[in-house]
Amino acid sequence: MADKTEVPMYQRDTIDVLKDLQTNAAAGLTSSEATARIEKYGKNELQAAESSTIFQKFVNQFKDFMIIVLIAAALIAAATGEGVDAIIILAVVVLNAVFGVYQEYKADEAIAALKKMSAPNANVRRDGEVLTLAANDLVPGDIVLLEAGDVIPADMRLIESASLKIEEAALTGESVPVEKIAETIYSDDLPLGDRKNLAFMNSNVTYGRGLGVVTGTGMQTEVGSIATMLETTETTKTPLQENLSKLGKALTYLILVIAVIVFVVGMFRAPDGHTGNRVVDMLLTAISLAVAAIPEGLPAIVTITLALGTKQLTKKNALMRKLPAVETLGATEIIGSDKTGTLTQNKMTVEKYYVDETLIEADTPVVGSAVKLADMLALNNDTKITADGEKLGDPTETALITFNEKQGRNLAELFAKYPRVAEIPFDSERKLMTTVHPENGKFIITVKGAPDELLRRVTSRLQGGEIVPMTDTDLKHILDVNTALAKDALRVLAFAYKMVDEMPVEMSSELVEKDLTLVGLVGMIDPERPEVAGAVAEAKGAGIRTLMITGDHKITAEAIARRLGILSEEQGPEAIITGSELDQLDDETFKKNVAQYSVYARVAPEHKVRIVQAWQSHQKVVAMTGDGVNDAPALKTADIGVAMGITGTEVSKGAADMVLADDNFATIVNAVEEGRKVFTNIQKSIQYLLSANLGEVLTLFVMTIAGWNILAPVHILWINLVTDTLPAIALGMEPTEPGIMDRKPRGRNSDFLGNGLGGAIIYQGLLEGVITLAVYWFGIAFPMHTGAAAHADALTMAFATLGLIQLFHAFNTKSVYQSIFTVGIFKNKMFNWSILIAGLALAATILIPGLNSMFHVTHLDSYQWLIVMGASFSIVPFVEIIKLVQRLVMKKI
């Protein structure tokens with residue numbers, strides 16, 4: 001196989017390429033040589049990366065820092081005889097691991113999808129004969145015959161090209177098929193879309209025929225290089241994962257410090273001669289502190305909250321492949337979007353036509369000269385219409401047929417009336433196509449092509465149904481219209497005709513394509529999706545910047561970007577950069593200037609990855625949307641990759657975090673809103689859990705220092721895993737707060753404890769701890785019983801208060817600063833039920849015989865319950881007063 005590090009394949013002469021590959025264009029390889037090359041180069045298929053087993057995925061779940069600490073606590077609990085505590089902790093850890101494995105099981109399928117895309121068969125010359133072979137049997141040096149409808153089976157250098165057009169949108173992002181040539185190209189550093197003498201694996205032949213020699217198979221193809229990029233691309237950590245990791249480490253260090261202090265103080269307080277027992281007692285106390293400080297249910301609660309967000313997004317046509325991506329959406333600051341098929345419809349459409357010196361919108365009914373133009377759009381056209389109405393052919397030509405259909409014209413009748421009797425096929429040199437049809441004993445010759453070429457052969461024009469001479473003034477006006485349409489990114493075709501009495505003696509361009517009458521111009525475009533401009537504006541209002549990243553030409557990209565609002569009126573040409581210009585910039589220079597660019601044109605897959613990484617170097621959270629094979633590496637590199645569900649390739653879906661079921665760019669904005677809601681709801685859950693845990697830690701710490709009886713690990717676990725968990729999950733279902741899309745994106749460097757949340761957790765946790773300790777002191781100071789029973793009652797009252805105060809406090813966490821009467825006390829039905837159920841579960845441990853002995857608590861009388869309820873409820877007015885003061889201070893500031 002040719003060494004790709006030498007002269008680029010497109011710069012090499014076909015004779016040189018054939019010689020280097022030791023093959024013959026006329027006869028192809030021999031069967032024996034092909035067999036030898038299969039052994040040397042391997043099958044023409046993509047290699048899938050080795051995926052981890054389910055067991056390996058399961059083991060990986062236990063590498064989280066917080067999970068490791070929980071496992072250690074469980075082992076210590078088991079070693080000191082607290083088996084129930086150990087079992088409960090381990091059950092939570094294992095349940096969370098199962099959740100994680102389930103979510104990862106179907107991830108990283110991009111390579112498998114690439115394999116499915118491989119062309120099944122190819123027409124190949126072997127031993128001087130044309131054979132139909134399985135595509136995976138091709139080897140470098142094989143001679144492949146190409147015709148319309150074929151899928152390119154491998155990378156190849158074209159030897160012959162007869163009006164050959166290949167659609168490469170999935171690889172390059174360019175929606176219009178590329179006109180291929182066989183001649184050598186001498187330009188340097190051409191992007192894939194401009195290497196017109198090459199054909200790439202998995203692209204599609206839309207027109208003409210050709211002959212090519214295979215230069216690369218399997219992983220040595222352009223598609224193979226994308227597969228390699230996917231294998232080597234590291235998946236970035238989501239902001240959620242980074243925040244949870246930081247939180248876990250901070251809590252662990254805090255636990256270690258407090259546990260050591262408590263252990264040392266407790267040992268110094270040990271009575272003489274009881275050191276041995278005291279060590280075990282203080283070890284159990286340290287375990288209680290660890291259990292109190294670590295929110296055991298947090299991983300499961302976060303997973304469930306994300307799962308609930310995923311369910312909501314599914315109803316909005318956004319399918320999440322990876323749970324953390326839900327929250328990441330809310331942090332998004334940059335959306336890099338592929339143009340073709342994402343911002344646009346990936347469907348060429350006639351937008352305007354020009355007849356009788358007038359530019360007319362395409363939906364205007366055709367009359368007068370426009371009828372003649374419409375006839376020519378259909379007659380000078382190679383589109384094949386199947387029995388079920390499907391149109392096969394070049395997208396530009398199918399757009400002309402669609403225009404006629406939308407005008408309600410009977411094409412079957414037109415084709416029957418004007419059968420094609422001769423033609424001069426299109427070729428890229430003269431840029432024209434001609435057809436001949438009989439009409440009333442004469443013949444009409446229709447010609448279409450590039451305006452600049454066709455106008456050179458025109459001597460007259462059609463005006464109001466009459467043929468009039470073409471003046472210089474007319475010509476200038478038509479060229480000005482052509483230029484204006486081109487600046488709007490419309491692809492312009494000109495149409496002309498002439499009547500002749502007899503069939504031309506020779507169907508040559510010199511004899512036939514002259515002395516023509518211009519009928520009009522047609523402007524076509526791959527139109528933007530109608531909802532995208534509004535979505536881009538809404539994203540801008542939410543502080544999110546949208547970038548266009550495309551393989552299309554610069555002028556097309558600029559026009560679409562301006563129509564969509566991606567480029568503002570103030571932004572000039574400096575905001576647009578091409579792939580070749582990007583290649584001239586080193587990484588440091590590009591990273592420094594990346595904020596300058598809003599539109600990237602003629603880019604390759606490695607460019608897209610580079611763009612994403614440049615923004616990430618500025619600590620920006622980047623989302624990348626796309627639908628083609630070329631988008632997959634960038635989708636995987638981005639913080640969140642968004643693929644299109646309808647037009648998207650399986651490759652892009654496999655590499656993405658989210659798939660849009662309706663291919664609607666506006667769905668992304670809805671998903672961002674849902675992501676922001678998920679983040680704020682996770683914040684509420686964390687505020688609730690950490691303030692509760694701080695109250696527990698303070699209670700245990702003071703009890704230990706004061707030498708009081710302390711709450712056992714089973715008490716803390718019951719509160720954390722039963723009483724805490726249900727309300728925390730329900731907080732994840734809180735409705736969206738008003739104005740959430742008017743806030744700036746929080747970005748990568750934000751954390752769960754920002755925006756006043758950390759302070760709220762501290763003061764609310766202190767309140768919970770102080771109130772609980774006050775109830776314990778009250779139970780000791782004003783006992784209903786004497787001796788050990790008094791201490792048991794006080795401990796039970798503290799246990800009940802610590803649980804109930806958290807349930808009342810859950811209402812406070814509906815907003816950091818707003819009053820619960822503003823946000824709505826009972827709007828969330830699931831939350832209301834969770835409070836009721838959690839309260840009953842807590843009361844059951846005290847009221848149900850058998851359970852109270854298992855939990856080492858006593859029955860309380862009505863007076864004691866009144867004290868517990870009053871103290872627990874007091875957290876609500878206390879926090880409401882503090883919030884009111886905060887709001888008043890913030891107003892003054």
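Everything numeric in this text was worked out from a predicted model, so none of it was measured.

Novice: Quick rundown of the overall build of the chain? Include the residues and the values.
Specialist: On a plain count of helices and strands, the chain comes out with 36 helices and 26 strands. Within the span of the chain, comprising 893 residues, buried residues form 55% of the whole. Restricting the contact set of the chain to residue pairs at least 6 apart, pairs at least 24 apart contribute 72%. Carbon and sulfur atoms make up 59% of the accessible area of the chain, which totals about 37500 Å².

Novice: So what's going on with the environment of Ile-740? Residues and values would help.
Specialist: Here Ile-740 shows up in the loop between α29 (725-731) and α30 (757-781). Considering only alpha carbons, one finds Ile-740 and Glu-673, 67 residues apart in sequence, at a separation of 7.2 Å. The contact partners of Ile-740, leaving out residues within four places of it in the chain, are Glu-673, Arg-676, Lys-677 and Thr-680.

Novice: I'd love a proper account of the pairing of strand β15 (residues 432-439), names of residues and values included.
Specialist: Most of β15 sits inside the fold, with seven of its eight residues counted as buried. Across four bridges, the pairing between strand β14 (residues 422-427) and β15 is antiparallel. Looking across to β15, one finds that Asp-427 is bridged to Leu-432. Taking the residues between adjacent antiparallel strands as the criterion, β14 and β15 are bridged by four residues, where Lys-431 takes a positive phi near 60 degrees. Here eight bridges tie β15 to strand β16 (residues 442-449), and the two strands are oriented antiparallel to one another. Paired with Pro-438 across the strands is Phe-443, a residue of β16.

Novice: Outline the packing of helix α20 (residues 532-541) against helix α27 (residues 665-706), supporting the account with residue identities and numerical values.
Specialist: α27 packs onto α20 with a crossing angle of 30 degrees between their chain directions and a minimal axis gap of 8 Å. On the basis of the axis angle, α20 is roughly parallel to α27. For the element pair α20 and α27, the recorded crossing hand is left-handed. Contact with α20, carried on its side by Val-532, Ala-535, Val-536, Glu-538 and Ala-539, involves Phe-665, Ala-666 and Val-669 of α27 and no other residues of that element.

Novice: Any chance you could break down the sheet that holds strand β21 (residues 545-549) for me, citing the residues and the numbers?
Specialist: Here we have eight strands laid out as an open sheet, ordered β8-β26-β25-β24-β9-β21-β23-β22, and mixed in their pairing. Edge positions in the sheet fall to β8 (318-320) and β22 (576-578), since each has one partner strand and no second. Each neighbouring strand pair of the sheet contributes to a mean axis angle of 20 degrees, computed without reference to strand direction. Pairing of β22 with strand β23 (residues 599-601) involves three bridges; the strand directions are parallel. Counted as the bridge partner of Ile-576 is Val-599 from β23.

Novice: Any chance you could break down the layout of surface pockets for me, citing the residues and the numbers?
Specialist: In this structure, the second largest pocket spans a volume of roughly 1100 Å³. Taken together, 39 residues make up the lining of the second largest pocket; nearest its centre are Val-176, Glu-179, Arg-491, Val-492 and His-553. Residue assignment for the lining of the second largest pocket shows that the elements contributing at least two residues are β5 (178-179), α15 (395-406), β16, α17 (451-454), α18 (472-487), β19 (491-500), β20 (516-525) and α21 (554-564). Element by element, the count of residues in the lining of the second largest pocket is highest for β19, at three residues.

Novice: An account of the packing of aromatic side chains is needed here, citing residue identities and associated values.
Specialist: For the coordinates displayed, the defined rule picks out ten aromatic pairs. Residues Tyr-353 and Phe-403 carry aromatic rings whose centres are separated by 5.7 Å and whose planes lie at 70 degrees to one another, so their mutual orientation is edge-to-face. Here Tyr-353 is found in strand β10 (residues 349-355), whereas its partner Phe-403 is found in helix α15, with 50 residues between them in sequence. Neither Tyr-353 nor Phe-403 differs from the other in exposure class; each is buried. A ring pair is formed by Phe-778 and Tyr-863, whose centres lie 6.5 Å apart and whose planes are at 45 degrees; its orientation type is tilted. Of this pair, Phe-778 sits in helix α30 while Tyr-863 sits in helix α35 (residues 862-873); the two residues are 85 residues apart in sequence, bridging distant segments of the chain. Looking at Tyr-863, the relative accessible area reads 40%, which means it is partly exposed. We note Lys-165 situated over the ring of Tyr-207; from NZ or CZ to the ring centre the distance is 5.4 Å. Residue placement shows Lys-372 over the ring face of Tyr-497; its charged tip is 4.5 Å from the ring centre.

Novice: Explain the pattern of salt bridges residue by residue, including any values.
Specialist: According to the stated counting rule, one finds 31 salt bridges in the structure shown. Between Arg-12 and Asp-16 there is a salt bridge, and its shortest N-O distance comes to 3.1 Å. Using a relative accessible area of 9% as the deciding quantity, one classes Arg-12 as buried. Judged by its relative accessible area of 36%, Asp-16 falls in the partly exposed class. A salt bridge links Glu-168 to Lys-180; its shortest N-O distance comes to 2.7 Å. Taken as a pair, Glu-168 in the loop between β4 (155-167) and α7 (169-172) and Lys-180 in the loop between β5 and β6 (198-199) lie far apart in primary sequence, twelve residues in all. Judged by its relative accessible area of 1%, Glu-168 is buried. Overlapping salt bridges, with partners in common, bring together Arg-12, Asp-16 and Asp-20 in one network.

Novice: Any chance you could break down the environment of Asp-363 for me, citing the residues and the numbers?
Specialist: Within the secondary structure, Asp-363 is located in the loop between β11 (358-361) and α14 (369-379). When its relative accessible area of 67% is taken as the criterion, Asp-363 is described as exposed. A C-alpha to C-alpha distance of 7.6 Å links Asp-363 and Gln-407, two positions 44 residues apart in sequence.

Novice: If you had to explain the nonpolar core to someone new, which residues and values would you point to?
Specialist: In terms of nonpolar packing, the biggest core is built from 136 residues, with Leu-329, Leu-454, Met-548, Met-658, Phe-665 and Ile-875 touching the most fellow members. Ranked by residue count, the leading element in this core is α27, at 15 residues. Phe-665 has contacts with Ile-335, Ser-337, Thr-342, Leu-343, Glu-531, Val-532, Ala-535, Val-536 and Thr-546, leaving out every residue within four places of it along the chain. By size, the runner-up hydrophobic cluster in this structure holds 25 residues, among which are Leu-547, Tyr-600, Val-609 and Leu-635.

Novice: Could you give me a rundown of a negative patch on the surface, with the residues and numbers involved?
Specialist: On the surface, a cluster of negative charge is contributed by Asp-188, Asp-189, Asp-583 and Glu-606. Along the polypeptide, Asp-583 turns up in helix α22 (residues 579-583). On the accessibility criterion, Asp-583 (44% relative accessible area) is partly exposed.

Novice: Any details on helix α12 (residues 324-331)? Residues and values, ideally.
Specialist: The element α12 is largely enclosed, with a buried count of seven among its eight residues. Along α12, the residues classified as buried are Ala-325, Val-326, Glu-327, Thr-328, Leu-329, Gly-330 and Ala-331.

Novice: Hey, could you go over the confidence of the model for the chain for me, with residue numbers and the actual values?
Specialist: Averaged over every residue, the pLDDT of the chain is 84; the share at 70 or more is 88%. Confidence drops under pLDDT 50 across residues 1-5; counting only partners more than four residues distant or on other chains, this segment forms 14 contacts. Note on residues 106-119: pLDDT under 50 across the span, and 38 contacts to partners over four residues away in sequence or across chains.

Novice: Please give an account of empty space enclosed by the protein that cites residues and values.
Specialist: Per the stated rule, a full pass over the model turns up three cavities of 30 Å³ or more. Estimated volume of the second largest cavity: approximately 60 Å³. Taken together, Tyr-354, Val-355, Asp-356, Glu-357, Arg-461, Leu-462, Gln-463, Ile-478, Leu-518, Val-519 and Gly-520 form the lining of the second largest cavity. Listing elements by their share of the lining of the second largest cavity, those giving two or more residues are β10, β17 (458-463) and β20. Class assignment of the residues belonging to the lining of the second largest cavity gives a composition of six nonpolar, two polar and three charged.

Definitions and cut-offs
Residues numbered from 1 in each chain as written. Predicted model: local features only at pLDDT ≥ 70, side-chain atom pairs only at ≥ 80, totals over all residues. Heavy atoms only, no water. Helix = DSSP H or I, 4+ residues; strand = E, 2+ residues; numbered from the N terminus. Buried < 20%, exposed > 50% of the residue type's maximum accessible area, 1.4 Å probe, protein only. Contact = heavy atoms within 4.5 Å. Areas by Shrake-Rupley, 256 points an atom, 1.4 Å probe, with all protein chains shown as cover. Pairing = 2+ DSSP bridges. Axes fitted to C-alpha atoms, helices over the stretch in contact; angles between N-to-C directions. Parallel < 35°, antiparallel > 145°, perpendicular 65-115°, else oblique. Left-handed = near helix turned anticlockwise from the far one by under 90°. 1 Å grid on protein atoms, 1.4 Å probe; cavity = no way out; pocket = protein on both sides within 12 Å on 5 of 7 lines; lining within 4 Å. Points joined across faces, edges and corners; volume = space filled by probe spheres on them. Phe/Tyr/Trp six-rings, centres within 6.5 Å; stacked < 30°, edge-to-face > 60°. Lys NZ or Arg CZ within 6 Å of the ring centre and 35° of its normal. Salt bridge = Lys/Arg side-chain N within 4 Å of Asp/Glu carboxyl O. Core = buried A, V, L, I, M, F, W, Y, C linked by side-chain atoms within 4.5 Å. Patch = residues over 30% accessible without salt bridge, like charges linked within 9 Å, V, L, I, M, F, W, Y side chains within 5 Å. Lys, Arg positive; Asp, Glu negative; His and termini not counted. Charge placed at Lys NZ, Arg CZ, Asp CG, Glu CD. pLDDT = per-residue confidence, 0-100. Nonpolar A, V, L, I, M, F, W, Y, C, P; charged D, E, K, R; others polar.

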